Every structure is written in C-alpha cells, then in structure tokens.
Amino acid sequence: MPRLGRAFLVFKKDWREISRNWQIMAPIFTVPLVFAIVIPAVMVFIPNITSGSNAIDNLQGLENFLGPLSEEIRGMTGRQVMVYVMTLYFFAPLFLIIPIMASSVIASDSFAGEKERKTIEALLTTPLSDSELILGKIAVSFVPAMVTTVIAFALYSAVVDVLALPLFGRLLLPNFSWLLLIFGLAPTVSLAAIGLTIAISARVKGFREAQQISGLLLLPVLALVFGQISGAIIFGPLVLAGMIAVFALVDAAAFYLGLRSFRREEILIRSA
Amino acid sequence: MSGTGRVYMQQATSGNRAPGMPVIAADGLTKVFGKLTAVDRLSFEVMEGEVFGLLGPNGAGKTTVIRMLASLILPTEGRATVGGHDVRKEGEKVRQAIGVLTENPSLYERLTAYENLEFYAEAYGMTGDAKRGRIRHLLESFDLWQRRDSRVATFSKGMKQKLAIARAMVHSPSILLLDEPTTGLDPESAKEIKDMIGDLSRQGGTILLSTHRLGDAEKLCSRAMIIAKGRCIVIGSPEELGDMASPPVLRIGLRGPPGKIAEAARQVPGVRGVAADGSALLVTSEGRDLEELAPEVVKGVVLAGGAVSSVSISRPTLEEAYLKLMGGRIGDA
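Here the structure is a predicted model, which means the values were calculated and not measured.

## Overview of the interface of chain A and chain B
Part 1 of the reasoning: Contacts between the two partners involve 21 residues from chain A and, on the opposite side, 24 residues from chain B.
Part 2 of the reasoning: Where the side of chain A that touches chain B is concerned, the elements lending two or more residues are helix H1 (4–19), helix H9 (120–124) and helix H15 (264–271) of chain A.
Part 3 of the reasoning: If one sorts the elements of the side of chain A that touches chain B by residue count, H1 of chain A sits on top with 5 residues.
Part 4 of the reasoning: Tallied by class, the residues present in the side of chain A that touches chain B amount to 7 nonpolar, 5 polar and 9 charged.

Laid out in structure tokens, this is it:
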C-alpha cells in the first residue's frame, strides 16, 4: 500500500517545479480564461449574435439539436433560446477541454518531462515505491486540473448569470447538469487523460512528444460537440451519468495500462 | 572544501550484515538487454570502509552494474547483496541503505539547492531538526550554504556536481555508489570531489567508484576491477594491477658506468634480471618483494665497488597497467 505522506512529497516537489514553469502555467491559465470569460462575454456584449431576428437566423439548421429541448425552451424568445442553448448545452462539452488540457499538460511534464530532464534516475534511487511515485504524480496532475476547472466554472457561471438575470429574471447556473458535468464527468475525463498520458510518457522520451500525442484526447470532445449539434446526444443528466460510467471504465483501463508501464527498469532503459 | 577531513558521514551502519561480511557482494551478476550482454557474470566483493573502483571504457557496463546494485534494474542472472539486502527481493531496503550519484547530476533545476536536498531528505524519511541540521551541514561542507536559496539552474557544473553528491549523502548512508563523480569538472572542482571521497573513506564509508579517470582511481581506490564488454578483466589493488601488467623495476643510479658491477647484482639470490640503462642498473625480481630485495642488491653493488647515487623502485601507473591489461579491448568495448 502506498504511504500517502510519501506520495504527497512527490506532489509537493512536482508542484513546486510546475508552478515555476510558465510554459506549463500559461496554457493552464489562458485556456480556462477563454472558455470561462472571453467566449460567454462575447455573447453578452455583442448583441448581434444573441438578439433580434439574427438570433433566430443563427438557430436555423439546429432543428435536430433544439428538437429534444422543445419542452425546456417553450415560450422563450429567440434571444432567450440562443443564450439558453449556447450557455447551458453548446458549451458543456467544450468545457471538458479545460480538465483534459490541464491534466495532460501537467502529467506530460511530470512523467515524460522528468525523463527528458534526466532527473528521473535519482528519483528512482529513493526508497519511494512505484505506487507512491505514481500516486504523487497523478495527484499533481489531477488536483490543479480540477481546481482550474472548478474556478473556471465559477467564473463561467458568473458571466452567464450576468447575462441571464435581466433576460430570464432568474439565474441559469449552476444547474444539476452542469454540477454533474463539473464534479462527475470532468474528474473522470481528467483521470482518463492522466492515465493515457502516463502510458504515452512511458514510451516517449520527451515532454513535447507526450503532450502532442495526448492532444488526441480532444477528438472525443469534438465528437461530443458535433454529436450534440446533430441532435444525437444532449448533455442532460442521464447522458452525463452514462458518460461518467463509461469514463470510469476508461479510467480503470488507462490506469491499469499506465501502472503496468511504470516500471523502474523500463523507464531507465527508455530514457537512455 | 579541503582535503583535511570534513565530517560527511554522521554514522555508519552495517545494515543486517554479519560482522566480517562484505558490504557489497556480487556473484555471477549478469544483465542482458535483448541481444546485448551488458554485464557478463561479474563476481566481486567490497568490504566496509573500502573505496572500490569500477574501471573501464565507455560502454563497458559500469553504469549497468551500479543500477543493478541500486536495485533499479534486476539482474538477468546471478545475485548481489548490498548492505546485506538482496537487490532482487529487497529493493526498497537496498535503496534506503545506499546513496547513489547518478551519471547525470539529476537535480531539479527550478528548485533551489535547499529544496532539492529537502525533497530527498524527506523521501528517505527524515523530518524536523534532524533533516534541517543535516541539510545545513552538507551545504556548509560543500560551500553551498550561501547559495541555498538559489535555483539550481543558476549553478555551475561543479556546484551541481557537489550538490548531487550532497543529495546522495543526505540520509547519511554508509554505502555510496558514485558514477563518474569528476567527469566534466574543472581541475579545482575535481580535486575538491576527490578530497571529499578520501574524507568519506577515512570516516568509514564504503564507496563503489565508477570512473574512467584512472588517475582518480589510483589515488582513491584501495582495490579496483577493470571491466570491458561487461566482463571482468582483473581485480586487485592499484599496485597489484601494475605488477600484473609489468613487474616493478629497482633502479640503482651509479656515479660511473656499470661495467662489472651488473654481474655482482645478478649474483644476489632472488634477482631475475639486470640491465644497464646509461649509468643506472635496472633490476627485476624473481618471486621476491622488491622492497625486501633492494637492500641486498645495493649492498652487493657497493661491495663490488659501485658508487650508488640513487635508489628507486618504479611501478607502472594504473593508467599504464590499464592500457596494457586492456590491450586491444578498449577499441572493441
């Protein structure tokens, strides 16, 4: 069994290193800022997108998407529909980019970066066990990613509600679906990204290589976006619960593969 | 730092070895990577307080031996114990007992010198005042205390190497595995490191020193093993290795030509051969220690009328012995 105190040492050491690396911190700060503030603010402050007949025009072609939401949007004006579906549904899958990006960037640096900088051998000479090392490194990838995601969600909710309050007379966020998204789906997606990055990092020599390959994780997110636009899926509670279950299984598989690949000998030989 | 004996080892522990047992023991140690046999049936022992050299050209298998002894990679065949712990079955205990200087300094460049040592001290289970005191002691010993809050990225190569050695010693291990500790250092930094290794040895530390700097090995090691292509070529003290390469020679300087005096030297029991070299005689021994034989030969020379101006015994340096013993293997290794 890993000793949590020793895993925390790895977490603390890695966080000190990562927090002083602007190449890591810059995307972790800027991407959430764009998703949480810039994009919704554009909707708020550029009325053409969400007001008047233009809003209705913009909804043309999204009949498949709006169909399943007909009950929810019944009686809403064009602008209300536009703001409602964009903020509560359209952005939901895009928001998953934040935990995926943050956790895979940190995990790439923590696993592949340590090999690239040739600091891994001295780390492996310590009596820290494989499970303590890997737990510490998973934690340092997961915790900042989730903190970033939750802060981004809080900012996003604030921006959306600034828009929604005068338009709807009530707050739109947080709602049950988004809480499920942020506190259920985002952690499982983040862990899947970390598990995959660990498995990739064991096979590549450098941080950039690991990061580029783990960028493939964004493809399922894009699939979700297009799936929703086409009306194939809607980010409601049931769909989210199903996705959480699926990603929990993906997590288990990714960690099984990641842990199997985290062997001192393999790491040393491949980093030579 | 000076060579005057700074205290690096706070206490030496013998692990779970029986008294008199070697600190490091390898028996038929073998490592195969795919089709490459990196280490081939090495057997050797290192006793407590000994500085044991692992010599060989690049690619000879020195780093692989150190990695196996540190339980970082498992032997394909054979066995080894370090501090009484089996490297196959007791990896964590082995790593707790040893300090390892890896081939690269392996330091976290965005952390400060203090933070680097603090992480490793805590990884070895050190806490509180004991941890802080040990870190301060090491940083002061290595003249790095004033730079404790500087990021390692700003350090020179010599400072990084000193910090890396301090890291290997942070938990006061009684066994140190040092992989090329002076490589890439300027002469002054290299001398500091060598002085420190000498101090460590005098304080009872057991050191396995991997190097291809033969001058360092000659100065520091009580015994050394020369390996090539993963195989042991020879083990012995630097003097023994020199003698194996070519016998020592007694040189007797004379005030005048040797002439018939050489014949008098040849008559001394135990003398194998006598040759003239200008106004000097070069004497080799047949099975007797040359230090023992020298007074008798000098007496014979004097009695024969020789005027002796100097007497010395010359042995091949470890470097000369190494080159001779390795023969054509260096280029192949």
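## Things to note about the sheet that holds strand E2 (residues 36–46) of chain B
Residue and element names in this part refer to chain B.
Part 1 of the reasoning: Spatial strand order, E2-E1-E4-E5: 4 strands in an open sheet with antiparallel pairing. Unpaired on one side and paired on the other, E2 and strand E5 (85–86) mark the two borders of the sheet.
Part 2 of the reasoning: Where strand E4 (residues 77–82) lies against E5, 2 bridges are found, and the strand directions are antiparallel. Paired with Val82 across the bridge in E5 is His85.

## Quick word on the environment of Thr119 of chain A
Part 1 of the reasoning: One can find Thr119 of chain A in the loop between helix H8 (97–116) and H9.
Part 2 of the reasoning: What makes Thr119 of chain A buried here is the crowd of 23 C-beta atoms within 10 Å.
Part 3 of the reasoning: Separated by 43 residues in sequence, Thr119 of chain A and Val162 of chain A place their C-alpha atoms 48 Å apart.
Part 4 of the reasoning: Setting aside anything within four residues of it in sequence, one finds Thr119 of chain A in contact with Glu114 of chain A together with Ser106, Leu107 and Tyr108 of chain B.

## Regarding the pairing of strand E9 (residues 223–228) of chain B
It is a general feature of regular strands that their side chains alternate between the two faces of the sheet.
Residues and elements named next belong to chain B.
Part 1 of the reasoning: Within E9, 5 of the 6 residues are buried, leaving the element largely enclosed by the surrounding structure.
Part 2 of the reasoning: Inspection of the sheet shows strand E3 (residues 51–55) paired to E9 by 4 bridges, in the parallel sense. Each bridged residue has a counterpart across the sheet, and for Leu55 the counterpart in E9 is Ile226.
Part 3 of the reasoning: Sheet analysis places E9 next to strand E10 (residues 231–236), joined by 5 bridges and oriented antiparallel. Considered in E10, the bridge of Met225 is made with Ile235.
Part 4 of the reasoning: Joining the antiparallel neighbours E9 and E10 is a turn of 2 residues, in which Lys229 adopts a positive phi near 50°.

## What to know about the nonpolar core
Part 1 of the reasoning: In terms of nonpolar packing, the biggest core is built from 157 residues, with Leu181 of chain A together with Leu69, Leu208 and Leu209 of chain B touching the most fellow members.
Part 2 of the reasoning: Every residue in contact with Leu69 of chain B, bar those within four places of it in the chain, is listed here: Ile24, Ala80, Val82, Val87, Leu177 and Leu208 of chain B.
Part 3 of the reasoning: Core analysis: the second largest hydrophobic core is formed by 13 residues, Ile261, Ala262, Ala265 and Val301 of chain B among them.

## A short note on the domain arrangement of chain B
Part 1 of the reasoning: Here chain B is described as being made up of domain 1 (24–242) and domain 2 (248–315).
Part 2 of the reasoning: On a C-alpha basis, the centres of domain 1 of chain B and domain 2 of chain B stand 44 Å from each other.

## Things to note about the environment of Arg79 of chain A
Residues and elements named next belong to chain A.
Part 1 of the reasoning: Within the fold, Arg79 resides in helix H7 (residues 78–95).
Part 2 of the reasoning: With 18 C-beta atoms packed within 10 Å, Arg79 lands in the partly exposed category.
Part 3 of the reasoning: The sequence separation of Arg79 and Leu167 amounts to 88 residues, and the corresponding C-alpha distance is 8.6 Å.

## Looking at the environment of Val221 of chain A
Residues and elements named next belong to chain A.
Part 1 of the reasoning: Following the sequence through the fold, Val221 ends up in helix H13 (residues 218–229).
Part 2 of the reasoning: Taking the C-beta count within 10 Å as the criterion, Val221 has 16 such neighbours and is therefore assigned partly exposed.
Part 3 of the reasoning: Taking the C-alpha atoms as reference points, Val221 and Thr87, separated by 134 residues in sequence, lie 17 Å from one another.
Part 4 of the reasoning: Residues in contact with Val221, not counting those within four places in the same chain, are Pro93, Leu96, Ile97 and Ile100.

## Focus: the packing of H7 of chain A against helix H10 (residues 130–168) of chain A
Residues and elements named next belong to chain A.
Part 1 of the reasoning: Two elements in contact, H7 and H10, have axes whose closest approach is 11 Å; the angle formed by their N-to-C orientations is 150°. Classified by the angle between their axes, H7 and H10 sit roughly antiparallel to one another. Pair H7 / H10 crosses with left-handed handedness. Contacts between H7 and H10 involve Arg79, Gln80, Val83 and Thr87 on the former and, on the latter, Val160, Leu163, Ala164, Leu167 and Phe168.

## Concerning the sheet that holds strand E13 (residues 280–285) of chain B
Residues and elements named next belong to chain B.
Part 1 of the reasoning: The strand order across the open sheet built from 4 strands is E12-E13-E11-E14, with neighbouring strands paired in antiparallel fashion. Of all the strands in the sheet, just strand E12 (271–277) and strand E14 (308–314) have a single pairing partner and so form its edges. This sheet shows a mean twist of 20° between the axes of neighbouring strands, independent of strand direction.
Part 2 of the reasoning: Judged from the 6 bridges that link them, E12 and E13 form a sheet pairing that is antiparallel.

## Here we look at the pairing of E2 of chain B
Residue and element names in this part refer to chain B.
Part 1 of the reasoning: Bridging between strand E1 (residues 24–33) and E2 involves 7 bridges; their strand directions are antiparallel. Each bridged residue has a counterpart across the sheet, and for Ala26 the counterpart in E2 is Phe44.
Part 2 of the reasoning: From the end of E1 to the start of E2, which pair antiparallel, there are 2 residues, and Gly34 there has a positive phi angle of about 60°.

## A look at helix H6 (residues 187–202) of chain B
Residue and element names in this part refer to chain B.
Part 1 of the reasoning: The terminal C-alpha atoms of H6, which comprises 16 residues, lie 22 Å apart, in line with the 22 Å expected from a rise of 1.5 Å per residue.
Part 2 of the reasoning: All of the buried residues in H6 are Glu192, Ile193, Lys194, Met196, Ile197, Asp199, Leu200 and Ser201.
Part 3 of the reasoning: Trailing H6 by a residue or two, Gly204 shows a phi angle of about 100°, which is positive.

## Considerations on unusual backbone geometry
Excluding glycine, residues mostly have negative phi values, and the peptide bonds linking residues are mostly trans.
Part 1 of the reasoning: A cis geometry characterises the amide bond from Leu173 of chain A onward to Pro174 of chain A, with omega recorded as -5°.
Part 2 of the reasoning: Position of Pro174 of chain A among the secondary structure elements: in the loop between H10 and helix H11 (176–201).
Part 3 of the reasoning: We note that Ser71 of chain B has phi near 60°; this positive angle belongs to a residue other than glycine.
Part 4 of the reasoning: When you line up the elements, Ser71 of chain B lands in the loop between helix H1 (62–69) and E4.
Part 5 of the reasoning: Residue classification places Ser71 of chain B among the buried positions, given that 27 C-beta atoms sit within 10 Å.
Part 6 of the reasoning: Positive phi values are uncommon outside glycine, yet Ser106 of chain B reaches one of about 55°.
Part 7 of the reasoning: Locating Ser106 of chain B in the fold gives a position in the loop between strand E6 (98–101) and helix H3 (113–123).
Part 8 of the reasoning: Judged by local crowding, Ser106 of chain B falls into the buried class, with 23 C-beta atoms found within 10 Å.

The rules behind each value
- Residues numbered from 1 in each chain as written.
- Chains lettered and ligands numbered in written order.
- Predicted model: local features only at pLDDT ≥ 70, side-chain atom pairs only at ≥ 80, totals over all residues.
- Contact = placed C-beta atoms within 7 Å.
- Helix = DSSP H or I, 4+ residues; strand = E, 2+ residues; numbered from the N terminus.
- Nonpolar A, V, L, I, M, F, W, Y, C, P; charged D, E, K, R; others polar.
- Pairing = 2+ DSSP bridges.
- Buried ≥ 20, exposed ≤ 12 C-beta atoms within 10 Å, placed from the backbone.
- Core = buried A, V, L, I, M, F, W, Y, C linked by C-beta atoms within 7 Å.
- Domains from an automatic or database assignment.
- Axes fitted to C-alpha atoms, helices over the stretch in contact; angles between N-to-C directions.
- Parallel < 35°, antiparallel > 145°, perpendicular 65-115°, else oblique.
- Left-handed = near helix turned anticlockwise from the far one by under 90°.
- Expected span 1.5 Å × (residues − 1).

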